[in-house]
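Listed here are the chains, written in short residue letters.
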Protein chains: 2
Amino acid sequence: MARTAGSHSDITGPRIQRAALSLFARQGYAAVSMRQIAAQVGVQAGALYNYTPDKQSLLFGLMRDHMEELLATWRARAGSGSPMARLEDFTRFHIRFHLTRPEEVFIAYMELRNLSPENFAVIEGLRGDYEDALEEILRAGVEAGVFDVPDPKIATLAVIAMLTGVNTWYRSGGRLSLEEVETIYWDMVRKAVGVAPA
Amino acid sequence: MARTAGSHSDITGPRIQRAALSLFARQGYAAVSMRQIAAQVGVQAGALYNYTPDKQSLLFGLMRDHMEELLATWRARAGSGSPMARLEDFTRFHIRFHLTRPEEVFIAYMELRNLSPENFAVIEGLRGDYEDALEEILRAGVEAGVFDVPDPKIATLAVIAMLTGVNTWYRSGGRLSLEEVETIYWDMVRKAVGVAPA
DNA sequence: AGTCTATATGAACGTACGTTCAGAAAAAAC
DNA sequence: GTTTTTTCTGAACGTACGTTCATATAGACT
C-alpha cells in the first residue's frame, strides 16, 4: 500500500532521504527536481511518491529530523556542573555536532524560507528550544557572577552564530583538527561572556 | 539600442534592480521568475532584456554592487588609530552597514551557490578583501600585545560570523536601538580577542 | 510633419516541472 | 504454483520557465 498519510510521522526511504540531502545541500531545494532525486536513487520519479507525499515533506523531514537529533543529543549529554563547565561542554558539542553534519546544517539554515508556514513554525520552535538551552546556561553564569553579559538572549544568538560559522570554512583534513578548532572557539567564547579583564 | 554587452559593467535599470532585490531576498533566486520581476516593475517580461542580458546577471549585479559598496565604504572610513580603536570602528561599521541593508546581505550570503563559477569567484574575491581588512587589524593588535588570538584568520571569520548574525534577529523598532546593539556586540568582540582576564 | 531611435508588447519556442495513475513487474504469503 | 500485496514504470496532465523576436508604440531631433 502506498503511503499517503500526513507529514509528521512519515517514514521516508533512507536512500531517498540521503539523495535529497546531498542534492538540496549542493543545489538548493528550489533548484532540485524530483526527477534528479529519483535518478540518484536509481528509480523513476513516480516511485518516490510511494515514500513521500510531496517534495515539501521531503525537505521538512530532513530539517525536522536534524533539529530533533540535535536537541535529543544535547539533552542526553547536558550535565549539571558549573556554568563554566556547562558552557564549555555546549561549545564543544555544538562545533562537533555541526561539523560532522555539514549538509544537514546547511539545509537547516538555508532552506527555511522554502518551508510552508506550518512546517516553518515547527522548525523555528525546535531552534528556539535549542537556543533556550544555551541561554539558560548563560543566565545561571550571570547569577553566579562568573559571566558578564548585559543581555543573555543576544549573547546566546551571538555565540551560536559564531560557532555555526565554523561550518563555512572548516574542511576535514585541513591544518586544524576538530579538537584544535573546539579549543580555539572555546577560548573566544569563554572570554566573550566571562567577567571583563580590566 | 538594447543592451547586450558583457556582464561586468552593465547598468541595469534601478527599478528592475530594486524589484529583483526584494523578490530574491523574499523567495530566493531560483524561486523567482522573470515574469514576477517584470510584473513588479509594471512591464512585460521581454522588456527586462533591454536592461539585462539574463537572470544570472541580475543576481550577480546585485551581489557585486553590494560587496563593492561595502568595501569602498569601509576603505573610505578606515582610520589609522590604535588596533583597539580600529577594531571598535570595524565592529560598529559592520553592524550598521549590514543592518541597514538586510536584503542585500541576505542575498549575498544565501545565493552564492546560484552564481556561475566565474561570478562566484569574483564575489568570493571581494569577500576575501573585506575579511583581510579585519584580519590586518587583529594582526596589528597581536603585534602590539593588546589582542590575544592564536589564529588571526579564524578569529576574523569568527568575529564576522558573530556580527553578521545580528541580521537574523534585529528588527528596527524593537527594544534595542542600533547604537545599543553596536555597544553590546563591541563588548563581546573586545573581550573575545583581548588579552585574557585570568 | 516626418524621420529616427529607444523601448515595449505579446506571442511563440523548446524545455522542464510536480504530480497522477493504469498497468507491469517483483516480492511475499500461502 | 497460485494468489495477494507491494513496488516500479512510463506516459501523460497542466503549468510554468528563460529567452527571442517581429511588430507596435512613443519620444526626440530636424
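Predicted model only: the values in this text are computed from it and were never measured. (Residues numbered from 1 in each chain as written. Chains lettered and ligands numbered in written order. Predicted model: local features only at pLDDT ≥ 70, side-chain atom pairs only at ≥ 80, totals over all residues. Heavy atoms only, no water.)

Student: Looking at this structure, how should I read the overall build of chain A?
Tutor: A tally of regular secondary structure across chain A gives nine helices and zero strands. For chain A, the N- to C-terminal ordering of α and β elements is α-α-α-α-α-α-α-α-α. Counting only C-alpha atoms, chain A reaches 65 × 40 × 25 Å along its principal axes. Burial statistics for chain A: of 198 residues in total, 51% are counted as buried. As presented, chain A carries roughly 9,200 Å² of accessible surface, and 54% of it is formed by carbon and sulfur atoms. For chain A, the distance from the average site of its 21 positive side-chain charges to the average site of its 24 negative ones is 7 Å. (Helix = DSSP H or I, 4+ residues; strand = E, 2+ residues; numbered from the N terminus. Buried < 20%, exposed > 50% of the residue type's maximum accessible area, 1.4 Å probe, protein only. Areas by Shrake-Rupley, 256 points an atom, 1.4 Å probe, with all protein chains shown as cover. Lys, Arg positive; Asp, Glu negative; His and termini not counted. Charge placed at Lys NZ, Arg CZ, Asp CG, Glu CD.)

Student: Any chance you could explain the UniProt feature "DNA-binding region" (unreviewed entry) in chain A here in plain terms?
Tutor: With numbering matched to this structure, UniProt assigns "DNA-binding region" (unreviewed entry) to residues 33-52 of chain A. Between the C-alpha atoms that bound residues 33-52 of chain A there is a distance of 14 Å. The span itself is 40% helix and 0% strand. (UniProt positions renumbered as here; feature names shortened; annotations may be inferred.)

Student: Is there a simple way to think about the interface of chain A and chain B in this case?
Tutor: In many analyses, interface size is given as the accessible surface area lost on bringing the parts together. Taken together, the contacts link 36 residues of chain A with 36 residues of chain B. Where chain A abuts chain B, roughly 2,800 Å² becomes buried across the two surfaces, and 67% of that area is made up of carbon and sulfur atoms. The largest per-residue losses of area from chain A upon contact with chain B belong to Arg113(A), Ile154(A) and Lys191(A), which jointly make up 26% of the total buried on that side. Here chain A is connected to chain B by four salt bridges. Among the salt bridges present, the one from Glu111(B) reaches Arg113(A), with a minimum N-O distance of 2.9 Å. The interface formed by chain A and chain B contains 14 residue pairs in polar contact (both at pLDDT 80 or more). Sorting the residues of the side of chain A that touches chain B by element identifies helix H1 (14-27), helix H5 (102-110), helix H7 (152-164) and helix H9 (178-193) of chain A as the ones contributing at least two each. (Contact = heavy atoms within 4.5 Å. Buried area = accessible area lost by both parts, 1.4 Å probe. Salt bridge = Lys/Arg side-chain N within 4 Å of Asp/Glu carboxyl O. Polar contact = N/O pair within 3.5 Å; in protein donor to acceptor, adjacent residues only side chain to side chain.)

Student: Could you clarify how one ought to interpret the protein's contact with DNA strand D in this entry?
Tutor: Inspection of the region around DNA strand D gives 16 residues, with Gln44(A), Tyr51(A), Met34(B), Arg35(B) and Tyr49(B) positioned closest. By atom count, sugar and phosphate contribute 65% of the portion of DNA strand D lying within 4 Å of the protein. Taking Arg35(A), its side chain carries an N or O atom lying 3.3 Å from a base nitrogen of DNA strand D. Class assignment of the residues belonging to the surface near DNA strand D gives a composition of seven nonpolar, five polar and four charged. (Near = heavy atom within 4 Å. Nonpolar A, V, L, I, M, F, W, Y, C, P; charged D, E, K, R; others polar.)

Student: For this particular structure, what's the right way to read the packing of aromatic side chains?
Tutor: Aromatic ring pairs are defined here through the distance separating the ring centres and the angle between the ring planes. All names here are of chain B. Scanning the model with the defined rule gives 14 aromatic pairs over all chains in all. Ring centres of Trp74 and Phe90 lie 5.2 Å apart, and the angle between their planes is 80 degrees; on these two criteria the pair is classed as edge-to-face. Taken together, the positions of Trp74 in helix H3 (residues 55-77) and Phe90 in helix H4 (residues 83-99) put the pair 16 residues apart, joining distant regions of the chain. Of the two residues examined, Trp74 and Phe90, each falls in the buried class. With 6.0 Å between their ring centres and 70 degrees between their planes, Trp169 and Tyr170 make a pair best called edge-to-face. (Phe/Tyr/Trp six-rings, centres within 6.5 Å; stacked < 30°, edge-to-face > 60°.)

Student: Just checking my understanding: could you explain the pattern of salt bridges for this structure?
Tutor: Side chains carrying opposite charge are able to pair once their charged atoms draw close together. What the rule picks out here adds up to 30 salt bridges over all chains. Residues Arg92(B) and Glu179(B) are paired through a salt bridge, measuring 3.6 Å at the closest nitrogen-oxygen approach. A residue pair is termed long-range when its members are at least 10 positions apart, and Arg92(B) in helix H4 and Glu179(B) in helix H9 (residues 178-193) qualify at 87 residues. Looking at Arg92(B), the relative accessible area reads 16%, which means it is buried. In this structure Glu179(B) comes out as partly exposed when scored by relative accessible area, which is 42%. In this structure, a network of salt bridges that share partners links the residues Glu88(A), Arg92(A), Arg96(A), Glu179(A) and Glu182(A).

Student: Quick question: what am I supposed to make of the confidence of the model for chain A here?
Tutor: Interpreting fine coordinate detail is not advised for predicted regions of low pLDDT. Taken over all residues, the pLDDT of chain A has a mean of 93, while the share at 70 or more is 93%. Here residues 1-9 of chain A is a poorly scored stretch, pLDDT under 50, and it has 11 contacts once near neighbours within four places are set aside; other chains count. (pLDDT = per-residue confidence, 0-100.)

Student: What's the story with the relation of the copies chain A and chain B in this structure? I'm lost.
Tutor: For the pair of chain copies, the relating operation is a rotation around an axis with a shift along it. Once chain A has been moved 0.0 Å along the axis and rotated by 180 degrees, it coincides with chain B to within an RMSD of 0.0 Å. Given the turn and translation reported, the copies of this chain are related as if by a two-fold rotation axis. The overlap is high: 100% of the interface residues of chain A also sit at the interface in chain B, so the same surface is used on both sides. (Least-squares fit on C-alpha atoms with pLDDT ≥ 70 in both.)

Student: I would appreciate a short explanation of helix H7 (residues 152-164) of chain B in the present structure.
Tutor: Residue pairs spaced three or four apart in an α-helix point in one direction, given the helix's 3.6 residues per turn. All names here are of chain B. For H7, built from 13 residues, the straight-helix expectation of 18 Å at 1.5 Å per residue is met to within 8% by its first-to-last C-alpha distance of 18 Å. Along H7, the residues classified as buried are Pro152, Ile154, Ala155, Thr156, Leu157, Ala158, Val159, Ile160, Ala161, Met162, Leu163 and Thr164. Backbone nitrogen of Lys153 and a side-chain oxygen of the N-cap are separated by 3.1 Å at the start of H7; the cap is Asp151. (Expected span 1.5 Å × (residues − 1).)

Student: I would appreciate a short explanation of the environment of Phe106(B) in the present structure.
Tutor: Positionally, Phe106(B) belongs in helix H5 (residues 102-110). Judged by its relative accessible area of 35%, Phe106(B) is partly exposed. The residues touching Phe106(B), leaving out its near neighbours within four places in the chain, are Arg113(A) and Ala25(B).

Student: For this particular structure, what's the right way to read the side chain of Ser57(B)?
Tutor: Tracing the backbone through its elements, the reader meets Ser57(B) in helix H3. A polar atom in the side chain of Ser57(B) sits 2.8 Å from the side chain of Asp54(B).

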